[in-house]
Amino acid sequence: MKFLRKKNLATINSNGALNKNLTFLDLVLLGMGSMIGVGVFSLTGKAAVIAGPSLVFSFLLVGLAVFFAALPYAEFSSFVSSAGSVYTYTYVTIGEIYAWLIGWVLLLNYLAQAAAVAAVWSSAFVGVLGRLGWQIPVLFSTNMWEPSVSGFVNLPAVFIVLVITVLLARGVREAKWVSGPLVALKVLLLLVLIFYGKNYVHQINWQPFFATGFKGVIMA
(Lines give C-alpha, C1' and ligand atoms only; values in the text may rest on other atoms or scores of the structure.)
Protein backbone atom coordinates (compact mmCIF):
# COMPACT_ATOMS: atom_id res chain seq x y z
CA MET A 1 0.00 0.00 0.00
CA LYS A 2 1.14 3.54 -0.74
CA PHE A 3 0.56 4.72 2.83
CA LEU A 4 2.75 1.91 4.17
CA ARG A 5 5.75 2.60 1.95
CA LYS A 6 9.08 2.86 3.73
CA LYS A 7 12.07 5.09 3.26
CA ASN A 8 15.28 3.45 2.15
CA LEU A 9 17.82 3.51 4.96
CA ALA A 10 20.80 4.10 2.68
CA THR A 11 19.05 7.04 1.00
CA ILE A 12 18.17 8.66 4.32
CA ASN A 13 21.67 8.29 5.72
CA SER A 14 23.25 9.77 2.59
CA ASN A 15 20.88 12.72 2.07
CA GLY A 16 19.73 13.67 5.55
CA ALA A 17 22.98 14.27 7.43
CA LEU A 18 23.34 17.55 9.33
CA ASN A 19 26.50 19.36 10.31
CA LYS A 20 27.96 17.70 13.40
CA ASN A 21 28.28 20.59 15.85
CA LEU A 22 27.73 18.57 19.02
CA THR A 23 30.53 16.77 20.83
CA PHE A 24 30.17 13.64 22.94
CA LEU A 25 29.88 15.77 26.08
CA ASP A 26 27.24 17.96 24.45
CA LEU A 27 25.16 14.88 23.62
CA VAL A 28 25.52 13.48 27.14
CA LEU A 29 24.37 16.79 28.64
CA LEU A 30 21.50 16.98 26.14
CA GLY A 31 20.35 13.49 27.11
CA MET A 32 20.63 14.21 30.81
CA GLY A 33 18.69 17.44 30.40
CA SER A 34 15.90 15.52 28.66
CA MET A 35 15.73 12.78 31.29
CA ILE A 36 15.92 15.03 34.37
CA GLY A 37 12.73 16.99 33.94
CA VAL A 38 11.41 20.04 35.74
CA GLY A 39 9.09 17.78 37.73
CA VAL A 40 11.90 16.76 40.06
CA PHE A 41 11.97 20.35 41.32
CA SER A 42 8.30 21.25 41.17
CA LEU A 43 6.38 18.03 41.87
CA THR A 44 8.51 16.05 44.32
CA GLY A 45 6.78 17.62 47.34
CA LYS A 46 3.32 16.86 45.95
CA ALA A 47 4.35 13.29 45.16
CA ALA A 48 5.74 12.87 48.68
CA VAL A 49 2.35 13.81 50.12
CA ILE A 50 0.78 10.98 48.10
CA ALA A 51 3.35 8.21 48.62
CA GLY A 52 5.14 9.19 51.81
CA PRO A 53 8.58 7.61 52.35
CA SER A 54 7.86 5.02 49.65
CA LEU A 55 8.36 7.80 47.13
CA VAL A 56 11.84 6.34 46.68
CA PHE A 57 10.23 3.44 44.79
CA SER A 58 8.37 5.93 42.60
CA PHE A 59 11.72 7.39 41.58
CA LEU A 60 13.10 3.92 40.89
CA LEU A 61 10.12 3.02 38.70
CA VAL A 62 10.38 6.26 36.74
CA GLY A 63 14.13 5.76 36.36
CA LEU A 64 13.52 2.26 35.03
CA ALA A 65 10.97 3.59 32.54
CA VAL A 66 13.38 6.28 31.36
CA PHE A 67 16.13 3.66 30.99
CA PHE A 68 14.00 1.44 28.77
CA ALA A 69 12.87 4.47 26.77
CA ALA A 70 16.50 5.49 26.19
CA LEU A 71 17.58 2.06 24.92
CA PRO A 72 15.57 2.08 21.65
CA TYR A 73 16.59 5.69 20.99
CA ALA A 74 20.23 4.65 21.31
CA GLU A 75 19.66 1.62 19.07
CA PHE A 76 17.83 3.53 16.32
CA SER A 77 20.15 6.53 16.33
CA SER A 78 23.14 4.22 15.87
CA PHE A 79 22.00 3.10 12.41
CA VAL A 80 19.82 6.04 11.27
CA SER A 81 22.15 9.03 11.10
CA SER A 82 19.58 11.43 9.62
CA ALA A 83 17.55 14.06 11.45
CA GLY A 84 13.92 13.43 12.35
CA SER A 85 14.10 11.34 15.51
CA VAL A 86 11.17 8.96 15.95
CA TYR A 87 9.52 10.23 12.75
CA THR A 88 12.48 9.01 10.68
CA TYR A 89 12.85 5.78 12.66
CA THR A 90 9.18 4.96 12.08
CA TYR A 91 9.38 5.88 8.38
CA VAL A 92 12.24 3.41 7.89
CA THR A 93 10.85 0.51 9.90
CA ILE A 94 7.03 0.63 9.79
CA GLY A 95 5.82 2.99 7.08
CA GLU A 96 4.83 6.48 6.01
CA ILE A 97 1.36 6.73 7.56
CA TYR A 98 2.67 5.70 10.97
CA ALA A 99 5.54 8.14 10.67
CA TRP A 100 3.07 10.91 9.84
CA LEU A 101 0.97 10.04 12.89
CA ILE A 102 3.92 9.80 15.25
CA GLY A 103 5.21 13.11 13.91
CA TRP A 104 2.00 14.84 14.97
CA VAL A 105 2.03 13.06 18.33
CA LEU A 106 5.57 14.31 18.93
CA LEU A 107 4.64 17.85 17.93
CA LEU A 108 1.67 17.96 20.29
CA ASN A 109 3.75 16.35 23.04
CA TYR A 110 6.48 18.96 22.72
CA LEU A 111 3.91 21.76 22.72
CA ALA A 112 2.34 20.44 25.93
CA GLN A 113 5.74 19.95 27.57
CA ALA A 114 6.89 23.45 26.64
CA ALA A 115 3.70 24.97 28.04
CA ALA A 116 4.00 23.02 31.29
CA VAL A 117 7.69 23.83 31.80
CA ALA A 118 7.12 27.50 30.98
CA ALA A 119 4.28 27.66 33.52
CA VAL A 120 6.47 26.09 36.22
CA TRP A 121 9.31 28.49 35.42
CA SER A 122 6.88 31.41 35.55
CA SER A 123 5.61 30.35 38.97
CA ALA A 124 9.16 30.17 40.35
CA PHE A 125 10.12 33.45 38.69
CA VAL A 126 7.09 35.28 40.10
CA GLY A 127 7.90 33.85 43.53
CA VAL A 128 11.47 35.18 43.38
CA LEU A 129 10.25 38.60 42.29
CA GLY A 130 7.73 38.58 45.13
CA ARG A 131 10.50 38.03 47.68
CA LEU A 132 12.32 40.99 46.17
CA GLY A 133 9.23 43.16 46.61
CA TRP A 134 8.15 43.19 42.95
CA GLN A 135 4.67 41.92 42.28
CA ILE A 136 3.28 40.93 38.90
CA PRO A 137 -0.53 41.16 38.79
CA VAL A 138 -2.25 37.79 38.95
CA LEU A 139 -4.08 38.69 35.73
CA PHE A 140 -0.75 38.61 33.86
CA SER A 141 1.12 35.87 35.74
CA THR A 142 -1.27 32.91 35.78
CA ASN A 143 -2.78 30.59 33.19
CA MET A 144 -6.32 30.83 31.92
CA TRP A 145 -6.96 27.12 32.61
CA GLU A 146 -6.29 27.46 36.34
CA PRO A 147 -9.79 27.42 37.93
CA SER A 148 -8.73 28.98 41.23
CA VAL A 149 -7.51 32.23 39.69
CA SER A 150 -8.70 34.68 37.08
CA GLY A 151 -5.60 34.89 34.92
CA PHE A 152 -5.68 36.29 31.40
CA VAL A 153 -2.15 35.59 30.11
CA ASN A 154 1.01 34.26 31.72
CA LEU A 155 3.47 36.89 30.55
CA PRO A 156 6.60 35.39 32.22
CA ALA A 157 5.82 32.05 30.55
CA VAL A 158 5.35 33.74 27.18
CA PHE A 159 8.63 35.61 27.69
CA ILE A 160 10.72 32.50 28.43
CA VAL A 161 9.20 30.64 25.46
CA LEU A 162 10.11 33.52 23.15
CA VAL A 163 13.66 33.66 24.55
CA ILE A 164 14.19 29.92 24.03
CA THR A 165 12.64 30.12 20.55
CA VAL A 166 15.06 32.86 19.48
CA LEU A 167 17.97 30.91 20.95
CA LEU A 168 17.05 27.71 19.12
CA ALA A 169 16.46 29.61 15.87
CA ARG A 170 20.06 30.79 15.93
CA GLY A 171 21.29 27.22 15.71
CA VAL A 172 22.31 24.23 17.76
CA ARG A 173 25.88 25.48 18.11
CA GLU A 174 24.72 28.62 19.91
CA ALA A 175 22.02 26.80 21.89
CA LYS A 176 24.44 24.28 23.36
CA TRP A 177 26.43 27.05 25.08
CA VAL A 178 23.29 27.81 27.08
CA SER A 179 21.74 24.36 27.48
CA GLY A 180 24.98 22.63 28.50
CA PRO A 181 25.78 24.86 31.49
CA LEU A 182 22.11 24.85 32.56
CA VAL A 183 22.02 21.04 32.60
CA ALA A 184 25.29 20.97 34.56
CA LEU A 185 23.77 23.47 37.01
CA LYS A 186 20.65 21.31 37.32
CA VAL A 187 22.73 18.25 38.19
CA LEU A 188 24.84 20.28 40.61
CA LEU A 189 21.75 21.56 42.41
CA LEU A 190 20.43 18.02 42.79
CA LEU A 191 23.78 16.86 44.22
CA VAL A 192 23.81 19.80 46.66
CA LEU A 193 20.23 18.98 47.66
CA ILE A 194 21.17 15.36 48.31
CA PHE A 195 24.34 16.32 50.22
CA TYR A 196 22.61 18.77 52.53
CA GLY A 197 19.28 16.97 52.62
CA LYS A 198 20.80 13.83 54.15
CA ASN A 199 21.14 15.77 57.42
CA TYR A 200 17.35 15.99 57.62
CA VAL A 201 16.69 12.28 57.10
CA HIS A 202 15.33 10.70 60.30
CA GLN A 203 14.18 7.10 60.43
CA ILE A 204 11.34 7.99 62.78
CA ASN A 205 9.65 9.66 59.81
CA TRP A 206 9.76 6.44 57.78
CA GLN A 207 6.76 4.95 59.57
CA PRO A 208 4.51 3.99 57.96
CA PHE A 209 6.81 3.47 54.97
CA PHE A 210 4.05 2.62 52.49
CA ALA A 211 1.68 5.30 53.74
CA THR A 212 -0.85 4.78 50.94
CA GLY A 213 0.22 1.35 49.72
CA PHE A 214 1.58 0.44 46.31
CA LYS A 215 -1.19 2.48 44.70
CA GLY A 216 0.35 5.61 46.20
CA VAL A 217 3.74 4.67 44.73
CA ILE A 218 2.22 4.37 41.27
CA MET A 219 0.22 7.61 41.60
CA ALA A 220 3.28 9.52 42.79
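Structure shown above.
For the structure given in this document, a descriptive report is provided here. Think of each chain on its own: its residues are numbered from 1, step by step along the sequence as written. With pLDDT at 70 or above as the cut-off, local features in this predicted model cover only qualifying residues; side-chain atom pairs require 80 or more to be listed or tallied, and sums for whole chains, interfaces and linings still use all residues. Heavy atoms from the whole structure form the basis of all side-chain values; hydrogens and water molecules are not counted.

Details of the pattern of salt bridges
Here is the rule: Every case where a carboxyl oxygen of Asp or Glu lies within 4 Å of a side-chain nitrogen of Lys or Arg is listed as a salt bridge. A run of H or I in DSSP counts as a helix once it spans at least four residues, and a run of E counts as a strand once it spans at least two, with each numbered from the N terminus. Here's how the labels work: a residue is buried when its accessible area is under 20% of the maximum for its type, exposed when over 50%, partly exposed in between, all with a 1.4 Å probe on protein chains only.
Tallied over the entire structure, the rule returns 1 salt bridge. Lys176 serves as the salt-bridge partner of Asp26, at 3.1 Å between the closest nitrogen and oxygen. Here Lys176 lies in helix α9 (residues 172-197) and Asp26 lies in helix α2 (residues 24-35), a separation of 150 residues in the sequence. When sorted by exposure, Asp26 lands in the same class as Lys176, which is buried.

Some thoughts on unusual backbone geometry
The peptide bond linking Gln207 to Pro208 adopts the cis configuration, its omega dihedral lying at -5°. Along the chain, Pro208 falls in the loop between α9 and α10 (213-219).

With respect to the packing of helix α6 (residues 85-93) against helix α7 (residues 96-131)
Formally: For helices, the fitted axis covers only the stretch in contact; all axes are lines through C-alpha atoms, and the angles between them, taken along N-to-C directions, range from 0 to 180 degrees. What sets the label is the angle itself: under 35 degrees gives roughly parallel, over 145 gives roughly antiparallel, 65 to 115 gives roughly perpendicular, and the rest give oblique. Two helices crossing with the near one rotated counterclockwise from the far one by less than a right angle form a left-handed crossing, whereas a clockwise rotation gives a right-handed crossing. Whether two residues touch is decided by their heavy atoms; if any such pair falls within 4.5 Å, the residues are in contact. Lys, Arg, Asp and Glu make up the charged group, whereas Ala, Val, Leu, Ile, Met, Phe, Trp, Tyr, Cys and Pro make up the nonpolar group; the residues left over, Gly among them, are polar.
At a closest axis distance of 8 Å, the pairing of α6 and α7 adopts a crossing angle of 165°. By the angle class used here, α6 and α7 are roughly antiparallel. Read as a crossing pair, α6 and α7 show a hand that is right-handed. Here Val86, Tyr87, Thr90 and Tyr91 of α6 lie close against α7, whose contacting residues are Glu96, Tyr98, Ala99, Trp100, Ile102, Gly103 and Leu106. Tallied by class, residues from the contact of α6 with α7 come to 8 nonpolar, 2 polar and 1 charged.

Quick look at the packing of aromatic side chains
What counts here: For Phe, Tyr and Trp, where Trp contributes only its six-membered ring, two rings pair if their centres lie within 6.5 Å, and the inter-plane angle classes them as stacked under 30 degrees, edge-to-face over 60, or tilted in between.
For the structure on display, the rule yields 9 aromatic pairs. Between the aromatic rings of Phe67 and Phe68, the centroid separation amounts to 5.5 Å while the plane-to-plane angle is 70°, which identifies the pairing as edge-to-face. According to the relative accessible area criterion, Phe67 is partly exposed, its value standing at 47%. Their ring planes at 70° and their centres at 5.2 Å tell us that Phe209 and Phe210 sit as a pair that is edge-to-face. Residue classification places Phe210 among the partly exposed residues on the basis of a relative accessible area of 43%.

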